[in-house]
Amino acid sequence: MRIGVLGTGNMADALATHWARAGHEVLIGGRDEGKARRLAARIGGARHGSLRAAAGFGEAALAALPYGAGQEVAAELGADLDGKVLVDCSNPVGPGFRLLTDGGPSAAQRLAAAAPGARAVKAFNLCHEDVWRMDPPVFDGRPLAVPVCGDDPGACALVGELVRDVGCEPVARGGLERAGLLEATAALFIGLWVGEGADAQAIAPPLAYATGPESGGGEG
């Protein structure tokens, strides 16, 4: 698969490294082509160029850009993103761990509106970039699950392949209208992890108990 990466930051580095190792053709694009060149060299086997070059490179494009910047870049690129699977991994989380979308459309929906010809998918937003750098992200013998939201089944299937190439398991979470739930979950988790030093996994019971004690074999 040919994948264009919009951005030269930590998420671009973490995810593109996995994809290049999996055998995909990767082009790193940035406003600063020097940074794009250095990142491509660090990844190894990747190409580099402008944001526009990355947008037009292949079947998929990763918007590895901060909230707001992704929309601006997508609007600038316009038709170069038409038909592309556009992956949004941003989190609109501000001071106090609050959502910057202020109850309006999600970051993913705003990105999709800025690039109406693209097939937007929300994924890879629930973990710190260093988790994505793990090879693979496996905890207690279980691969990390990655929720995927999008309106186009083919686009979601393609992103599912990219999730597996990172060593994780995709979990279908419905259409793009549900991306806001993923972003709110990220705000909650970041607040727990960073603000409280709490283990977010501890707030949910095991799957066997999800519908009540009876499903887990009784209360003991």
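Structure: see above.
The structure presented is a predicted model; accordingly, all values stated were derived computationally and were not measured. (Residues numbered from 1 in each chain as written. Predicted model: local features only at pLDDT ≥ 70, side-chain atom pairs only at ≥ 80, totals over all residues. Heavy atoms only, no water.)

> Is there a simple way to explain the overall build of the protein chain in this structure?
The secondary structure content of the protein chain amounts to 8 helices and 10 strands. Here the C-alpha atoms of the protein chain give a radius of gyration of 18 Å, agreeing with the 17 Å that 2.2 N^0.38 yields for 220 residues. Each principal axis of the C-alpha distribution contributes one length, and for the protein chain these read about 60 × 35 × 35 Å. The buried share of the protein chain, reckoned over its 220 residues, is 44%. (Helix = DSSP H or I, 4+ residues; strand = E, 2+ residues; numbered from the N terminus. Rg over C-alpha atoms; globule rule 2.2 N^0.38 Å. Buried < 20%, exposed > 50% of the residue type's maximum accessible area, 1.4 Å probe, protein only.)

> Would you mind going over the nonpolar core with me for this structure?
In globular proteins that are soluble, nonpolar side chains generally tend to be buried together. Ranked by internal contacts, the top residues of the largest apolar core, which has 38 residues, are Trp19, Ile28, Phe124, Trp132 and Val159. With 7 residues, helix H1 (residues 10–21) is the largest single contributor of residues to this core. Those residues within four positions of tryptophan 19 in sequence are excluded, and the remaining contacts are Ile3, His24, Val26, Leu62, Phe124, Leu162, Asp165 and Val166. If you look at the next biggest cluster of nonpolar residues, it comprises 17 residues, including Ala55, Val73, Leu81 and Leu111. (Core = buried A, V, L, I, M, F, W, Y, C linked by side-chain atoms within 4.5 Å. Contact = heavy atoms within 4.5 Å.)

> Would you mind going over helix H5 (residues 107–114) with me for this structure?
Given 3.6 residues per turn, any residue in an α-helix points the same way as the ones three and four places further on. Listed as buried for H5 are Ala107, Ala108 and Leu111. Angularly, the buried residues of H5 cover 100 degrees about the axis, an arc narrow enough to put them on a single face. At its buried positions, H5 is contacted by strand S4 (60–63), helix H4 (69–77), strand S5 (85–88), strand S6 (119–122) and helix H8 (179–196). (Arc of directions from axis to C-beta.)

> Looking at this structure, how should I read the side chain of lysine 84?
In this structure, lysine 84 sits in the loop between H4 and S5. The residues contacting lysine 84, other than those within four sequence positions of it, are Ala55, Gly56, Phe57, Gly58, Glu59, Ala118 and Arg119.

> Explain a nonpolar patch on the surface here, please?
Where nonpolar side chains cluster on the molecular surface, the patch consists of Phe97, Trp193 and Val194 and spans about 300 Å² of accessible area. On the secondary structure map, tryptophan 193 appears in helix H8. Exposure remark for tryptophan 193: the relative accessible area of 38% places this residue in the partly exposed category. (Patch = residues over 30% accessible without salt bridge, like charges linked within 9 Å, V, L, I, M, F, W, Y side chains within 5 Å. Areas by Shrake-Rupley, 256 points an atom, 1.4 Å probe, with all protein chains shown as cover. Salt bridge = Lys/Arg side-chain N within 4 Å of Asp/Glu carboxyl O.)

> Would you explain the pairing of S6 in this entry?
Put simply, side chains in a regular strand alternate between the two faces of the sheet. Across 4 bridges, S5 lies against S6 in parallel orientation. By the bridge assignment, leucine 86 is partnered in S6 with alanine 120. Where the polypeptide runs from S5 across H5 and back to S6, its parallel neighbour, the crossover connection is right-handed. As judged from the 2 bridges shared by S6 and strand S9 (residues 145–150), these two strands associate in the antiparallel manner. Across the sheet, the residue bridging to lysine 122 is cysteine 149, located in S9. (Pairing = 2+ DSSP bridges. Right-handed = clockwise from strand over helix to strand, strands pointing away.)

> Sorry if this is basic, but what is going on with unusual backbone geometry here?
The step from aspartate 135 to proline 136 runs through a cis peptide bond, and the omega angle for that step is -5 degrees. With respect to the helices and strands, the residue proline 136 is situated in the loop between helix H6 (129–132) and strand S7 (138–139). If you check the backbone angles, phenylalanine 97 has positive phi at about 60 degrees while not being a glycine. By the secondary structure assignment, phenylalanine 97 is in the loop between S5 and H5. One non-glycine residue, aspartate 102, adopts positive backbone phi at about 50 degrees. When you line up the elements, aspartate 102 lands in the loop between S5 and H5. Among the residues examined, aspartate 102 registers a relative accessible area of 61% and is labelled exposed.

> Sorry if this is basic, but what is going on with helix H7 (residues 153–165) here?
Under the 1.5 Å per step criterion, the end-to-end length of H7 is 19 Å for 13 residues, consistent within 8% with the ideal 18 Å. Ala155, Cys156, Leu158, Val159, Gly160, Leu162 and Val163 are the residues of H7 that are buried. Between a side-chain oxygen at the N-terminus of H7 and the backbone nitrogen of glycine 154 the separation is 2.9 Å; the capping residue is aspartate 152. Looking at the residues trailing H7, positive phi occurs at glycine 167, about 95 degrees. (Expected span 1.5 Å × (residues − 1). Polar contact = N/O pair within 3.5 Å; in protein donor to acceptor, adjacent residues only side chain to side chain.)

> Honestly, the sheet that holds strand S3 (residues 47–49) in this entry has me stumped. Any pointers?
For sheets, the rule is that strands pair by backbone hydrogen bonds, running either parallel or antiparallel. Pairing is mixed in the open sheet, where 8 strands are placed in the order S3-S2-S1-S4-S5-S6-S9-S10. Two strands in the sheet have a free side with no partner beyond their single neighbour: S3 and strand S10 (169–172). Neighbouring strand axes in the sheet, compared pairwise and without regard to direction, differ in orientation by 25 degrees on average. Relative to S3, strand S2 (residues 25–29) is paired through 3 bridges, and the arrangement is parallel. Bridge pairing in S3 links leucine 27 to arginine 47. (Axes fitted to C-alpha atoms, helices over the stretch in contact; angles between N-to-C directions.)

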